[in-house]
Amino acid sequence: MKKHQFDVIVIGAGGAGLMAALYASKTANTAVISKLYPTRSHTGTAQGGVGAALGNEEEDHWEWHTFDSVKGSDYLGDQDAIEFMCYEAVQAVYELEHYGLPFSRTSEGKIAQRPFGGHTNNVTGKPVRRACYAADRTGHMILQTLYQQCLKNNVNFFDEFQVVDLLVVNGAAAGVVAIELGTSELHVFHAKSVILATGGHGRVWDITSNAYAYTGDGIAISMRRGVPMEDMEFFQFHPTGIYKLGILITEGVRGEGGVLINGKGERFMERYAPRVKDLASRDVISRAMYLEIKAGNGINGQNYLYLDVRPETVNKYAALDGRKRLDGTPYTMTGEEIIAKLPDIVDFARTYLGVDPVAQPMPVQPTAHYTMGGIPTNRFGEAVIDEKNTVMPGLYAAGEVACVSVHGANRLGTNSLLDLIVFGKHAGLRAAEFALGADFQPLPADPTEFTRAQFDAIRNAQGNEKILEVSSKMKAIMMDCVGMFRTGEGMQSALETVRELRERYKHIPLHDQGKIFNTEMINLWELGNLLEIAEVVTVSALARQESRGAHARDDYPKRDDVNWLKHTLSWVKPNGEIVLGYKPVVITKYQPMERVY
Amino acid sequence: MQVTVKVFRFNPEKDKKPHYETYKLEAEPTDRILDMLEYIKGYFDGTLSFRRSCAHGICGSDAMRINGRNYLACKALLKDLHTNKITVEPILGLRVIKDLIVDMEQFFAHYRSVMPYFINDEPTPPQERLQSIEERERFDDTTKCILCACCTTSCPIFWASDQYVGPAAIIAAHRFIFDSRDKAAADRLRILNDQFGVYRCHTVFNCTECCPREIEITQAIGEVKAAIITGRLD
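Remember, it's a predicted structure, so these values are computed and weren't measured experimentally.

A few words now on the overall build of chain B. Of the regular secondary structure elements, chain B holds nine helices and seven strands. The dimensions of chain B, computed from C-alpha atoms along their principal axes, are 60 × 35 × 30 Å. Burial status across chain B gives 50% buried among its 234 residues. A separation of at least 24 residues holds for 66% of the contacts in chain B among residues at least 6 apart in sequence.

What follows is the structure, encoded as structure tokens:
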């Protein structure tokens, strides 16, 4: 076992982790621990843009962005946190530009912006250009830029180290235990501040845009140490995943004028969201697609629809919508412009679908995409661990692993990248400030005891279950019963299945007993995280007897503000029992209204 | 269709030298090579080790040598290989740690050596620095790089000497050298003017041919060479 000591350790090297590290390292001795090389992190796959009311292309205000996010959240987001994020957004995006991020540009040389779902001019209700983009690889450019700046600032990196336990002493974070993947050696990182920035857990579901690495590690390790989770029932399905594979096709395609078409050739979103149509919120569109498919309106009656961005289609519907360019002339697109603005999408479609999107429509279906719930935090990234928002000293979370809550029941497109940079930065600042004024907690007498117990169980498991069978059964039942549409009955059966699978999991034998890059052992540990999270998601969802944002129930089809305008908290007790509690939503000036697009 | 997958295997804890294992499985023409490796690991041999994450060609984890050419395993589809006999090996020129996993440290050390970060110490404006669409376009191609190492490990010059900085590092430098906002082009050009720098490139074009991001790598290297000679950045 090796020991290390830092003021601040950051777990995860995506956008939130690197932003936190960049800021914490200005004043505190900081290290980043990541199971992947930092540039492999999932932030890199974000495509369409980062939301900020710069007003570079047309009138916009951070207050409009705030309202759109509140409405998008189906009023479950905390309004003080959303105001903070949308106000800070403008400076945060300029800051990225100052770090060298190669944003696409307007003809005036400013940062280019495009329309995205749910972002509107609050006066006219029409879509507004708010998503600041770098072609269709905005997340890639954010990840690269932040990693580069961390290198410039000599941040310490422990690449390919899997963090497997959070050390909690005297009710405060004291560090983490990690496995060095190349050797299986255990490392204890003793720290005053621990920032979790480990991302989401979309690998719980079958069709997903999420990376293999997205296994909810930060949530799992902190749940096991008594930290509650917030709003775990809310998980976003993005409308446009590549058929069967789930690979993301950015909302930017629709921002640039692409439309969804059903098997009858109809632009069906006109019926579900008459004002903004294909640029409604993601939950609204994914549900509409599900209903179209269920009604037999899939392409050739199958379970997919078309996303059509052929120039003739874009130009036809832009004319029908009366869409104009900034100079007032009619909005049109050529094939060359589509390729220039969406090069990666064109590449994905050609590679994985064998379809040239300039000439043919793309088969798409909704795909599990984003974790709205997670570790409860305040807007400074401090973990808050009860109904009264009591801060747990030394523990921070930022990005997708955290629940501030700025996304509530449904996140708006472009707000994930924004969340990373705003809350990553503030978590880093606050963690460093705390570390400079605090002493180290003592380490436990045997800091790796719990880790060894977990991995001994994995190494010594007896039986003939198979990892792929257990994981595929979990993904399938979660997709069917705890996905876009839910019922009490379905979720109950999912809960029983997940509990059975957790038993079967214990009987998956480990074939690789070696120490060097034992990826089978790590994959098994990750599956354990996913199963535990699937159970918490299902228990949280089963309890919420209403429909709100991404949580849509056939048996409770309406939003119920009287009983359910509140955040779920879930604790996993040492005996495995899941206990739920609730805390109020922070409302500043936006009273809940009916949500119409 | 039935596919035969021959995989390079090496476990330093057990094997004195590498060998190949052959697996037969059913696959669809649209399956990724990565899907087959996952299947082999899940059903035939859990000890098979490789890196992967996003599985759609963006994270750059799973660069491998497939039927003799570098690909990302998640971006190589069975149908694109035009055969049902597949050989998968680690990328060349870097030390094999286990099976398809190589030691990336030398690769990233070269990357770090070219100052791959934005440098401009002038006071920042209250809003963004302005950059024209044309200025932004000048270095667009090289911003796509995902550091997968397909290019560097397909380069025979790098195979001959791992001291050569390699195409990926030159691409990283190019991205900043030609960015109108950056102020450290001269420093990077000086670094790449080294004996193991840009002149080691003999325009073999392997890098360009296998780049999963379709970056015009050889052309970008040529532009860096020209900038060193002329002292101009146009």
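This prediction gives chain B a mean pLDDT of 97; 100% of its residues lie at or above 70. Two summary scores accompany this predicted model of the complex, namely pTM at 0.98 and ipTM at 0.98.

Turning our eyes to something else, we now look at the domain arrangement of chain B. Residue and element names in this part refer to chain B. Segmenting chain B into domains produces domain 1 (2-102) and domain 2 (105-230). On a C-alpha basis, the centroid separation for the pair domain 1 and domain 2 is 29 Å. Every contact between the two is made by 14 residues of domain 1 and, on the other side, 14 residues of domain 2. Per-element tally for the side of domain 1 that touches domain 2: the top contributor is strand S4 (residues 69-72), with four residues. The residue makeup of the side of domain 1 that touches domain 2, split by class, is eight nonpolar, four polar and two charged.

Attention shifts here to the sheet that holds strand S5 (residues 85-89) of chain B. All names here are of chain B. Across the sheet, five strands lie side by side as S2-S1-S5-S3-S4; this open sheet has mixed pairing. Since the sheet does not close on itself, it has two edges, and those belong to strand S2 (19-26) and S4, each with one partner. Recorded for the sheet is a direction-independent mean angle of 35 degrees between the axes of neighbouring strands. Bridge analysis of strand S1 (residues 2-9) against S5 gives four bridges, and the strand direction is parallel. Bridge pairing links Val7 to Val88 in S5. Set on the sheet, helix H1 (residues 33-44) makes contact with S1, S2, strand S3 (63-66) and S5; between it and S2 the angle comes to about 100 degrees.

Attention shifts here to the environment of Leu189 of chain B. With respect to the secondary-structure elements, Leu189 of chain B resides in helix H7 (residues 185-192). Here Leu189 of chain B is in contact with Ile177, Ala227 and Ile228 of chain B, once residues within four sequence places are set aside.

What follows deals with the sheet that holds strand S5 (residues 127-132) of chain A. Working definition: the strands of a sheet are paired by backbone hydrogen bonds and lie parallel or antiparallel to each other. Residue and element names in this part refer to chain A. Here we have three strands laid out as an open sheet, ordered S3-S5-S4, and antiparallel in their pairing. For this open sheet the edge positions go to strand S3 (50-51) and strand S4 (113-120), each flanked by a neighbour on one side alone. The pairing of S3 with S5 spans two bridges and is antiparallel. Counted as the bridge partner of Val50 is Cys132 from S5.

Before going further, it helps to examine the interface of chain A and chain B. Tallying the contact residues gives 44 residues for chain A and 42 residues for chain B. Counting residues per element, the ones that place at least two in the side of chain A that touches chain B are helix H3 (79-98), helix H4 (138-152), helix H11 (343-353), helix H14 (467-481) and helix H16 (519-543) of chain A. The biggest single contributor to the side of chain A that touches chain B is H4 of chain A, with six residues.

Further remarks concern the pairing of strand S14 (residues 362-371) of chain A. Residue and element names in this part refer to chain A. Counting buried positions along S14 gives nine out of ten residues, so the element sits mostly inside the fold. The pairing of strand S11 (residues 235-242) with S14 spans six bridges and is classified as antiparallel. The residue of S14 that forms the bridge with Ile242 is Val364. Pairing geometry for strand S13 (residues 305-308) and S14, over three bridges, is antiparallel. From the neighbouring strand, Leu307 faces S14, where its bridge partner is Met362.

Helix packing geometry: the angle between the two helix axes and the distance between the axes. All names here are of chain A. At a closest axis distance of 11 Å, the pairing of H14 and H16 adopts a crossing angle of 25 degrees. In terms of axis orientation, H14 runs roughly parallel to H16. Where H14 crosses over H16, the handedness of that crossing is left-handed. Residue-level inspection shows Ile467, Val470, Ser471, Met474 and Met478 of H14 in contact with H16, the latter providing Asn523, Leu524, Leu527, Leu530, Leu531 and Ala534. Class assignment for the residues of the contact of H14 with H16 results in nine nonpolar, two polar and no charged.

This next bit is on the domain arrangement of chain A. All names here are of chain A. Under the domain assignment used here, chain A contains domain 1 (2-45 + 140-236 + 369-437), domain 2 (243-366) and domain 3 (449-556). If you average the C-alpha positions of domain 2 and of domain 3, the two centres end up 34 Å apart. At the junction of the two partners, domain 2 supplies five residues and domain 3 supplies five residues. Per-element accounting of the side of domain 2 that touches domain 3 gives the leading share, four residues, to helix H8 (residues 282-294).

Another point: H11 of chain A. Residues and elements named next belong to chain A. Taken across its eleven residues, H11 has nine buried, putting it largely inside the fold. Here H11 has its buried residues at Asp344, Ile345, Val346, Asp347, Phe348, Ala349, Thr351, Tyr352 and Leu353. Immediately downstream of H11, the backbone of Gly354 shows phi near 65 degrees, a positive value.

All names here are of chain B. Looking at helix H3 (residues 105-113), one finds that the buried residues are Phe107, His110 and Tyr111. With its buried residues spanning 100 degrees around the axis, H3 presents them on a single face. Pointing more than 90 degrees away from the buried face of H3 are the exposed residues Glu105 and Ala109. Of the surrounding elements, those touching the buried residues of H3 are helix H6 (166-177). The first or second residue beyond H3 is Met115, which carries a positive phi of 55 degrees.

Cis geometry is found at the peptide bond from Val404 of chain A to Ser405 of chain A, where omega equals 5 degrees. By secondary structure assignment, the location of Ser405 of chain A is in the loop between strand S18 (402-403) and helix H12 (415-437). Unusually for a residue other than glycine, Asn389 of chain A sits at a positive phi of about 60 degrees. A count of 13 C-beta atoms within 10 Å places Asn389 of chain A in the partly exposed class. Its identity as a non-glycine residue notwithstanding, Asp99 of chain B has a phi of 45 degrees, on the positive side. The topology assignment puts Asp99 of chain B in the loop between strand S6 (96-98) and strand S7 (101-102).

Right, let's get into the environment of Met1 of chain A. Residue and element names in this part refer to chain A. Looking at where Met1 falls in the secondary structure, it is placed in the segment before strand S1 (2-11). Overall, Met1 belongs to the exposed group, with 12 C-beta atoms counted inside 10 Å. Between the C-alpha atom of Met1 and that of Asn297, which follows or precedes it by 296 residues, the distance is 59 Å. Once residues within four sequence positions are removed from consideration, Met1 is found in contact with Leu186, Val188 and Thr448.

What counts as what
Counting starts from 1 at the beginning of each chain's written sequence and moves along it residue by residue. As they are written, the chains are lettered A onward and the ligands numbered 1 onward, keeping that order. Thresholds applied to this predicted model are a pLDDT of at least 70 for local features of residues and 80 or more for the giving and counting of side-chain atom pairs; totals over whole chains, interfaces and linings are not thresholded and use all residues. Only DSSP runs of H or I covering at least 4 residues are called helices, and only runs of E covering at least 2 are called strands; the numbering of each starts at the N terminus. Buried means a residue has 20 or more other C-beta atoms within 10 Å of its own C-beta, exposed means 12 or fewer, and partly exposed covers the counts in between; C-beta atoms are placed from the backbone. This entry defines residue contacts through backbone-placed C-beta atoms, with two residues in contact when those atoms are within 7 Å. Values of pLDDT, ranging from 0 to 100, describe the predictor's confidence in every residue of the model. Domains are outlined according to an automatic or database domain assignment. Residue polarity follows a fixed list, in which Ala, Val, Leu, Ile, Met, Phe, Trp, Tyr, Cys and Pro are nonpolar, Asp, Glu, Lys and Arg are charged, and the others, Gly among them, are polar. Two strands are counted as paired when DSSP detects at least two bridges linking them. What counts as an axis is a line fitted to C-alpha atoms, over the stretch in contact for a helix, and the angles between N-to-C directions run from 0 to 180 degrees. Oblique is the label for every angle not falling under 35 degrees (roughly parallel), over 145 degrees (roughly antiparallel), or within 65 to 115 degrees (roughly perpendicular). Crossings are sorted by hand: turned counterclockwise from the far helix by less than a right angle, the near helix makes the crossing left-handed, and turned clockwise it makes it right-handed. As used here, the arc is the angular range of directions from the helix axis to the C-beta atoms.

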